[in-house]
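Geometric and topological summary
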Amino acid sequence: MNTDIIILAAGQGSRMRSELPKVLHKIGGKVMVQHVIDQANKLEISHAATTHIVVGHKSALVEDSLADQNIIFVLQKEQLGTGHAVAMAVENISDDGISLILYGDVPLTQSVTLQQLVEIAKGDQFGLLTVTLENPRGYGRIVRSATGEVTAIVEHKDASPKQLAICEVNTGIMAVPNKFLRRWIGQLGNDNAQGEYYLTDIIAMAAADSVDVITCSPEAPQEVQGVNDKVQLAQLERFYQQQQAHQLMLAGATLADPSRIDIRGKVTINGEVNIDVNVIFEGEVVLGGGVQIAANCIIKDSVIGDNSLIKANSMIEQSVIGDNCEVGPFARLRPATELGDRAKVGNFVETKKTIIGAGSKVSHLTYLGDALIGTEVNIGAGTITCNYDGVNKFQTEIGDGAFIGSNSALVAPLKIGAGATVGAGSTISKEVPANQLVVARGRQVIFKDWQRPVKK
């Protein structure tokens, strides 16, 4: 059976007070509409789903953000209500099968919840997602018959005092057989307080046609909470992060404070790990068993090996760290950095496109860019690789067991042999043979009669 996913994403979202379309605001580092797409893509269905996104306000921005995905975009030039929006997409849906109707600003509905609706619609029934709220103000109320069947949905502005007392409300999320949806959408009118075409009016049509309306509910109300302003955006962000922290702890992570960790992507742990407060994960991050991450670290698209220690205030991006390594505090590992097992990168060290061999130490106050460092190398404080001539980048190679004295400038392209020693304060621009000492600095001169200037 064919499944059409219809996502409504045409609204302006004026209450967001933003130049960005509402559905492109982010939860957990991902735009809201992408959350909706990703959950829909997890559905267990017999045929690949066709995704239709109804766009309107700044449609080009929405389309550009999703351009790499197989999506049919439908333009709603005038925003005349949810029924009108679905009507724009109905022209492209399959003749048979079902349609799952979702909203680009309701980002956290889980695939297991959506699966329930799809299963209902497969049985030639109308699947409707409802939720019971303590304060249902603003939501359409679910009207049921004396025997409990859903007969209609009444919007808040059109509801009677008796109907306003109902706490079961419509989420707008539904799954409908296409043969019914086509017919009912064509019958919608706009005789209501808003003068809009309400999608919810098809509930009464289903009841009139003796089509069973079967409801189900999400595990948590936040699954169906929409975003209308940045306060609600922040609320959903906290709920989402709470969920991520919960899953991380179930997988074996010890979190110093689950409310002070942000996951803006996916974190995979391969054993027990310890994570202190204010740690941010972005993109794809993998942590080995025994990893410890101190406070205020940012880790993006990186792999950290077993038993490695990341000290406070360190930034790691697109890097691979081996087992039993030590990084930080205040270290910055930029893209294409690799640390072999037992390597150490200390405080105020910055690396970029650099491989540091097993057991090597770069303890403090150093910049290594475009460098290939062997095993058991010691890099003294204040050392820099001069990798850029203003136009091109060049590589520095340092052999196994070399010792680089403090405050040295290594001018690339350069090779320093295995076991070589560079004296402190040297500027090295020529190849250094293995096991040799090299010193390149001005001779010390003492001026015996020199007087320090004094104020007049």
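See the structure printed just above.
For clarity, every value in this text was computed on a predicted model and none was experimentally measured. (Residues numbered from 1 in each chain as written. Predicted model: local features only at pLDDT ≥ 70, side-chain atom pairs only at ≥ 80, totals over all residues. Heavy atoms only, no water.)

What follows is about the overall build of the protein chain. Scanning the protein chain from terminus to terminus reveals eight helices and 35 strands. The C-alpha atoms of the protein chain give a radius of gyration of 31 Å, which is well past the 23 Å a tight globule of 456 residues would have. With the C-alpha coordinates aligned to their principal axes, the bounding extent of the protein chain is approximately 105 × 55 × 40 Å. Within the protein chain, the proportion of its 456 residues that are buried is 48%. Working note: accessible area of the protein chain is about 22,000 Å², and carbon and sulfur atoms make up 49% of it. Where the 40 positive side-chain charges of the protein chain centre and where its 49 negative ones centre are 13 Å apart. (Helix = DSSP H or I, 4+ residues; strand = E, 2+ residues; numbered from the N terminus. Rg over C-alpha atoms; globule rule 2.2 N^0.38 Å. Buried < 20%, exposed > 50% of the residue type's maximum accessible area, 1.4 Å probe, protein only. Areas by Shrake-Rupley, 256 points an atom, 1.4 Å probe, with all protein chains shown as cover. Lys, Arg positive; Asp, Glu negative; His and termini not counted. Charge placed at Lys NZ, Arg CZ, Asp CG, Glu CD.)

As for its position among the elements, asparagine 170 is in strand 10 (residues 168-177). The class of asparagine 170 is buried, set by a relative accessible area of 8%. One polar contact links the side chain of asparagine 170 to the main-chain amide nitrogen of glycine 172, over a distance of 2.8 Å. (Polar contact = N/O pair within 3.5 Å; in protein donor to acceptor, adjacent residues only side chain to side chain.)

The tally for this structure, following the rule as stated, stands at one cavity of 30 Å³ or more. As a volume, the largest cavity reaches approximately 50 Å³. Taken together, Val36, Leu102, Tyr103, Val106, Pro107, Leu108, Thr109, Leu114 and Ile173 form the lining of the largest cavity. Per-class residue counts for the lining of the largest cavity are eight nonpolar, one polar and no charged. (1 Å grid on protein atoms, 1.4 Å probe; cavity = no way out; pocket = protein on both sides within 12 Å on 5 of 7 lines; lining within 4 Å. Points joined across faces, edges and corners; volume = space filled by probe spheres on them. Nonpolar A, V, L, I, M, F, W, Y, C, P; charged D, E, K, R; others polar.)

Tracing the chain through its elements places glutamate 91 in the loop between helix 3 (82-90) and strand 6 (98-103). By relative accessible area, glutamate 91 is classed as exposed at 63%. Note: C-alpha distance between glutamate 91 and arginine 182 (91 residues apart in sequence) is 8.4 Å.

If you roll a probe as big as a water molecule over the atoms, it shows you where there is empty space left. By volume, the largest pocket amounts to about 1,700 Å³. For the largest pocket, the lining is made up of 45 residues, of which Arg15, Lys22, Thr82, Asp105 and Asn228 are closest to its centre. Contributing elements (two or more residues each) for the lining of the largest pocket: strand 1 (3-9), helix 3, strand 10 and helix 8 (230-250). With four residues, the top contributor of residues to the lining of the largest pocket is strand 10.

Here the structure, examined in full by the defined rule, presents three aromatic pairs. A centroid spacing of 6.0 Å and a plane angle of 25° characterise the contact between phenylalanine 126 and tryptophan 184, whose relative ring orientation is stacked. Of the two residues, phenylalanine 126 sits in strand 7 (residues 126-132) while tryptophan 184 sits in helix 6 (residues 178-185), which places them 58 residues apart along the sequence. Centroid distance phenylalanine 330 to phenylalanine 348: 5.2 Å. Interplanar angle 10°. Geometry classified as stacked. (Phe/Tyr/Trp six-rings, centres within 6.5 Å; stacked < 30°, edge-to-face > 60°.)

Bringing the packing of helix 3 against helix 6 into the picture now. Two elements in contact, helix 3 and helix 6, have axes whose closest approach is 10 Å; the angle formed by their N-to-C orientations is 125°. For the element pair helix 3 / helix 6, the angle class is oblique. You can see that helix 3 and helix 6 cross each other, and the crossing is left-handed. Side by side, helix 3 and helix 6 meet where Gly83, Val86, Ala87 and Val90 of the first sit next to Leu181, Arg182 and Ile185 of the second. Among the residues making up the contact of helix 3 with helix 6, the classes are represented as five nonpolar, one polar and one charged. (Axes fitted to C-alpha atoms, helices over the stretch in contact; angles between N-to-C directions. Parallel < 35°, antiparallel > 145°, perpendicular 65-115°, else oblique. Left-handed = near helix turned anticlockwise from the far one by under 90°. Contact = heavy atoms within 4.5 Å.)

On to the pattern of salt bridges, then. Taken as a whole and assessed by the stated rule, the structure comprises 17 salt bridges. Of the charged contacts in the structure, one is a salt bridge between aspartate 105 and lysine 22, with a shortest N-O distance of 2.8 Å. Here aspartate 105, found in the loop between strand 6 and helix 4 (111-122), pairs with lysine 22, found in the loop between strand 1 and strand 2 (26-27); they are 83 residues apart in sequence, far enough to count as distant. You'll find aspartate 105 and lysine 22 in the same group, each marked buried. In this structure, the salt-bridge partner of arginine 264 is glutamate 282, at a minimum N-O distance of 3.7 Å. Note that arginine 264 is positioned in strand 13 (residues 261-270) and glutamate 282 in strand 15 (residues 279-288), a separation of 18 residues in sequence. For arginine 264, a relative accessible area of 32% puts it in the partly exposed group. Classification of glutamate 282 by relative accessible area gives partly exposed; the value is 22%. (Salt bridge = Lys/Arg side-chain N within 4 Å of Asp/Glu carboxyl O.)

Attention now goes to the side chain of glutamine 76. Structurally, glutamine 76 is set in the loop between strand 5 (71-75) and helix 3. The exposure class assigned to glutamine 76 is buried, which follows from its relative accessible area of 3%. A polar contact of 2.8 Å, which involves the side chain of glutamine 76, links it to the side chain of histidine 84. Apart from the residues within four sequence positions on either side, glutamine 76 is in contact with Ala10, Val54, Val55, Gly56, Gly81, His84, Ala85 and Met88.

This brings us to helix 3. Taken as a whole, helix 3 has its buried residues at Gly83, His84, Ala85, Val86, Ala89 and Val90. Buried positions along helix 3 lie against strand 1, strand 4 (50-55), strand 5, strand 6 and helix 6.

What follows covers helix 4. Over its 12 residues, helix 4 extends 16 Å from the first C-alpha to the last, a length consistent with the 16 Å expected when each residue adds 1.5 Å. Here helix 4 has its buried residues at Ser111, Thr113, Leu114, Gln115, Leu117, Val118, Ile120 and Ala121. Residues of helix 4 that are buried make contact with helix 1 (32-41), strand 6, strand 7, strand 10 and strand 11 (213-216). (Expected span 1.5 Å × (residues − 1).)

All quantities given are derived from atomic positions and should not be read as evidence of function.
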